[in-house]
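# Observations on chain architecture
Now for the letters of each chain:
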Amino acid sequence: KALTLLRLFRFAKFKHAMVELESILESRGLIRAKHISTILQCVIFILIVNHVLACVTVYVGRREQQSHRTNWMDENQVTDNSWLFQYMISFNWVIAEYTPAPYPFAATNELEQALVLAIILTCLPMLGAQIGIISGTLNKMNEKTKERESVKRDLQRWLRKTKAPKALTQRVVAALDEVLRSGENPLDFREPLALDFLPTTLIQELHMVNTSDKLSIHPLFSMLMDERLEFGGRLASSFQSKVYIHGEVIFSEGRRAEGVYITTHGGFSFQPSKSENFHVKNRNSKSVHWNNESWFAELSLYLSRIHASTLTAMTYAKSLTMTYQSFIEAVHDWPAIVVAVHEYAQSFLKLYEKKSYVLESTWELPPTEWTYDSVAATQLAELLIPGTSRLHSFKVNHVPKSVDYRKLLQEDADSLNSLDDQIDEVLDQTAEFKEDSGIYDALGCQEEAKRATLSMLCLGWFVRDNYQHMTINQDRPSRLSKSTWKSIRDLLFCDEMTLDELNGLMVLLACRGICKSPDFAKIVPPRDRTRPEQVLSYAVENLQAYLPSLASLTGESYQYLGPVVDILKEFNFPQFLQGENNPHSVFLLQDGLTNQGEKVLKMCLLSQVCILCGVTGTVTLKGSLFLNEANGRCLVRALHALQQIHELDPHAVYWKYIQSRAEALNLPVMTPSHMVQARLACLTRCVEQQLAMELQDDWLHLTQKERDVLLDVFLLDGHEQKTFVFVYLPLFLANSRANHDVNLLGGLKFLVEIYDRLLQHRCLSLTGPSVMVDLSSMALVMKDVEDIPTLRKCFDFAKLVKHENGVTILLTTNSYQVLSGQLVHHTRSVDMLEQLTVQQSKLESAIRSLPLRHGRPSISHFSSESEIQEPGEPLRV
């Protein structure tokens, strides 16, 4: 009986559920449905009460009958009827007690009479209350109907007075009917009078909450609306609410996309393009109908696009829209939001590029999974909700199986004779390279995986002295000679390293490529991720759980990894190889080796050479195309110079290498100008004498002022004398030479202008003996720019961004518009400066042609030209 009584609590739960249901219906604008629900509740309540009373009446009659007393069932001769007939008679009797109408049945004893009195005294008020609720609800429904008719009549009267055309009048009235019949009827959502008394801040907060609920369907906007960012109000205010009627077009094919659309109410039809201009495989041209909330044309926030589909409202509908201009204005003053949006857009565009050919005609409706994956790729998502990043799925909590590359490193390993077997061995042993579960594949770094694979193969070929496999795909004229191969192996001391040390280097080469991934770098603190070598250093110390091969190393295999990575972080061998850095980098290498043994230097150089040999892994894994004869000889000279790092000072080591490269090209090294030309030969990747002669000719066509500037650029050591180090300068000069409208001479002249601009902005005052200048954006445009004046105008709009690690030259939107011809930037002052420069060049040439009585003045960075050593000796700067 106690359990039976507990069931009575279900009625209270039902009542609470109905209240929640009415609140939901009212919030969604379904006022009529709410009224119907109220009436049904009252009717059900009356039926339940009558049902209970009818059952009690039957129970009392049968109990009195069993006690052989007079009862209503015997008196009215219903005892012999079925139980259903008895129930229906008692139900009718209970209802009759609520009305003054006579009923043939009456109470026959005291208990039955008490029951009748209880029904009349208690249930009659309850019934009256329910009937009152029903009447009040019906009156409200009638009032709403009258109000709608009144609004409609007022509109029709106004249209008649304004003499609106008949066709327009019909359309307006039909639109009003659709609005009034919809769940978003404005008559049901009138603002309360209390809002006039509330402060503006609270009203804005209410608006933000209402809008944020609708924006939360989009993962990016949901993240940006987080309270901790305090950006929700700014984002919500950038959206505009728009209303559509049946048949109205939201956007159509062929029109310019202006922003994103988020549907909040109503039904829509999405019709993909049927134009023959879209040659898309497996394209579905059928229209799609739905009533759920969604978003369209998000891609137009990041790219200039033309609509390829048409979106039409099928009912009275609402949407929130935001243009890309409003989006830019909203995030402009929020650096953290700008970074998050940039990372999200980069990830989103990468996903689109992979499927753009298939989704070209339906780009407005991309897969929903793209937005979730792109949000997970942002740093902000990881900060707000730790564990969001997909990288955490690679974290292992157990000690992985130890990697063993002995088959690739031992000379007597006969089981891996073919190249295919060696490649398979690398892929099988390295968990990071797995196609389904490897971190390279998950982060989309397949190209880096190929480079890392070839680097590991090259290490095995160096150790096993496998010249044939290293050069198998090289052309015969430029093929690496056996003598150069032997010299490289001797300078790398491959035979002096143990298998455990080489096994550790294998893992280092396997993990370095993933450190170039921006997604992987996001789990590294910002101060430790400016360069891949810094990310690698942090990963070796703290991120073994994400790199199974690294976590499996123990003992001697892991012992030297830390020191080797620290040296890689300070000294960039590829930059040294092409003269991109300065003597200060050699000083950092020398300083880093102070507390380390000779073993660390050998392992560092071996790993750097293998990384260089692996750069052609995206072309083929069968042999290195980089290590040909020309590059091999450069490697020999660089390695030979670095072998004396403990014996000579950094300046002597650096310039000895530059001098050896010049002597190989038959370039003189007697004066400071000669040394600058020698370094330029390294920077321009000059390995032929013809190119060296062209370089000398270009140098002679420079003005004396330009030569003096280049002497400062390339002869200051960056250690005792502060200077700039131009990152991506080799690419800058190579693209200049490849562009016949600019040529190497134009590239050198423009480098002088960049140097002057840096000095004007006091960039040399930044901390550090060498200020790094990132030329990557300028290097990319050098290949296709039309001429130097256009390049100069492009540079006028560029921004010099100073930061902790140096200066970055960023091209703005106006810069790219100048390059494409969309923006014509012409000022008379620029033409006058160019004319003055030409006249100055002519004047300097005329002065230099005059005979000098007292000789040429010495260069400020050298005591005099006579102090240059004899040929064959390293030049001391």
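The residue count restarts for each chain, going from 1 along the sequence in the order it is written. Local features in this predicted model are restricted to residues of pLDDT 70 or higher, and side-chain atom pairs are both shown and tallied only at a pLDDT of 80 or more, whereas totals for entire chains, interfaces and linings draw on every residue. Only hydrogens and water are set aside when side-chain values are computed; all heavy atoms of the structure are taken into account.

The helix and strand labels rest on DSSP assignments: H or I over at least four residues marks a helix, E over at least two residues marks a strand, and numbering proceeds from the N terminus. Broken down by element type, the chain carries 40 helices and 12 strands. Taking all 877 residues of the chain together, 47% fall into the buried category. Across the chain, every contact between residues at least 6 apart in sequence was considered, and the portion connecting residues at least 24 apart equals 73%. The Shrake-Rupley method, run with a 1.4 Å probe, gives the accessible areas here. Residue values count only the displayed protein chains as cover. Of the roughly 46000 Å² of accessible surface on the chain, a fraction of 54% belongs to carbon and sulfur atoms. Whether a residue is buried, partly exposed or exposed follows from its accessible area with a 1.4 Å probe, protein chains only, as a fraction of its type maximum: under 20%, in between, or over 50%, in that order. It only takes one pair of heavy atoms within 4.5 Å for two residues to be counted as in contact.

The next thing to look at is unusual backbone geometry. The phi dihedral of Glu230 is positive, around 55°, even though this residue is not glycine. One can find Glu230 in the loop between helix H9 (219–224) and helix H10 (232–237). Positive phi, close to 55°, is recorded for Phe493, a residue that is not glycine. Take Phe493: it is sitting in the loop between helix H20 (482–492) and helix H21 (499–512). Among the residues examined, Phe493 registers a relative accessible area of 24% and is labelled partly exposed.

Let us now look at the sheet that holds strand E10 (residues 770–774). When DSSP finds at least two bridges between two strands, those strands are taken to pair. On the basis of which strands lie adjacent, the open sheet formed by 4 strands has the order E9-E10-E12-E11 and mixed pairing. Whereas interior strands pair on both sides, the edge strands pair on one side only; in this sheet they are strand E9 (723–727) and strand E11 (799–803). The mean inter-strand angle of the sheet, taken between neighbouring strand axes irrespective of direction, is 25°. Bridge count for E10 against strand E12 (residues 806–810) is 3 bridges, and the pairing is parallel. Axes here refer to lines fitted to C-alpha atoms; in helices the fit is confined to the stretch in contact. Angles between the N-to-C directions go from 0 to 180 degrees.

Time to look at the packing of aromatic side chains. Two aromatic rings from Phe, Tyr or Trp, using only the six-membered ring of Trp, form a pair when their centres are within 6.5 Å; if the ring planes differ by under 30 degrees the pair is stacked, by over 60 it is edge-to-face, and anything between is tilted. Inspection of the entire model under this criterion finds 21 aromatic pairs. For the pair Phe221 and Phe327, a centre-to-centre distance of 6.4 Å together with 85° between the ring planes defines the contact as edge-to-face. Taken together, the residues Phe221 in helix H9 and Phe327 in helix H11 (residues 324–331) connect sequence positions 106 residues apart. When its relative accessible area of 0% is taken as the criterion, Phe221 is described as buried.

As a further point, take the pattern of salt bridges. Basic side-chain nitrogens of Lys or Arg form a salt bridge, by our definition, when they fall within 4 Å of a carboxyl oxygen of Asp or Glu. Summed over the entire model, instances satisfying the criterion amount to 23 salt bridges. For Glu629, the salt bridge is made with Arg633, and the minimal N-O distance between the two is 2.7 Å. Here Glu629 pairs with Arg633, and both are found in helix H30 (residues 629–642), just 4 residues apart, close to one helical turn. One salt-bridge network, held together by shared partners, links Glu447, Glu448, Arg451 and Lys516.

This part takes up the packing of H21 against helix H29 (residues 598–613). It is at 11 Å that the axes of H21 and H29 come closest, and there the two elements cross at 45°. The pairing of H21 with H29 is recorded here as oblique in orientation. Every pair of crossing elements has a handedness; the one defined by H21 and H29 is right-handed. Of the residues in H29, those in contact with Glu501, Leu502, Leu505, Leu508, Leu509 and Arg512 of H21 are Lys599, Met603, Leu606, Ser607, Cys610 and Ile611. Every angle not falling under 35 degrees, over 145, or within 65 to 115 is termed oblique; those three ranges are roughly parallel, roughly antiparallel and roughly perpendicular. A clockwise turn of the near helix away from the far one marks a right-handed crossing, whereas an anticlockwise turn of less than a right angle marks a left-handed crossing.

Since its relative accessible area comes to 12%, Glu629 is described here as buried. Within the structure, Glu629 has its side chain in polar contact with the side chain of Arg633 (distance 2.7 Å). In this view, Glu629 contacts Ser478, Arg479, Leu480, Ser481 and Thr484; residues no more than four positions away in its chain are not counted. Polar contact is defined as a pair of N or O atoms within 3.5 Å, subject to the rule that within protein one atom must be able to donate a hydrogen and the other to accept it, and that residues adjacent in sequence are counted only when both atoms are side-chain atoms.

Once that is clear, we can look at the pairing of strand E8 (residues 317–323). Judged by how many residues are buried, E8 sits mostly within the fold: 6 of 7 residues are covered. Pairing analysis gives 5 bridges linking strand E1 (residues 240–244) to E8, with the strands arranged antiparallel. Looking at the pairing, Val243 lines up with Lys318 of E8. Direction of pairing for strand E3 (residues 259–265) relative to E8: antiparallel, over a ladder of 6 bridges. The residue of E8 that forms the bridge with Val260 is Met322.

To estimate the expected span of a helix, subtract one from its residue number and multiply by 1.5 Å. Its 15 residues place the ends of helix H31 (residues 650–664) 22 Å apart at the C-alpha level, agreeing with the 21 Å of an ideal helix rising 1.5 Å per residue. Across the 15 residues of H31, 12 count as buried, placing the element largely inside the fold. Within the sequence span of H31, burial applies to Pro650, His651, Ala652, Val653, Tyr654, Trp655, Tyr657, Ile658, Gln659, Ser660, Arg661 and Ala662. Capping of H31 at its N-terminal end is provided by Asp649; its side-chain oxygen lies 3.1 Å from the backbone amide nitrogen of His651.

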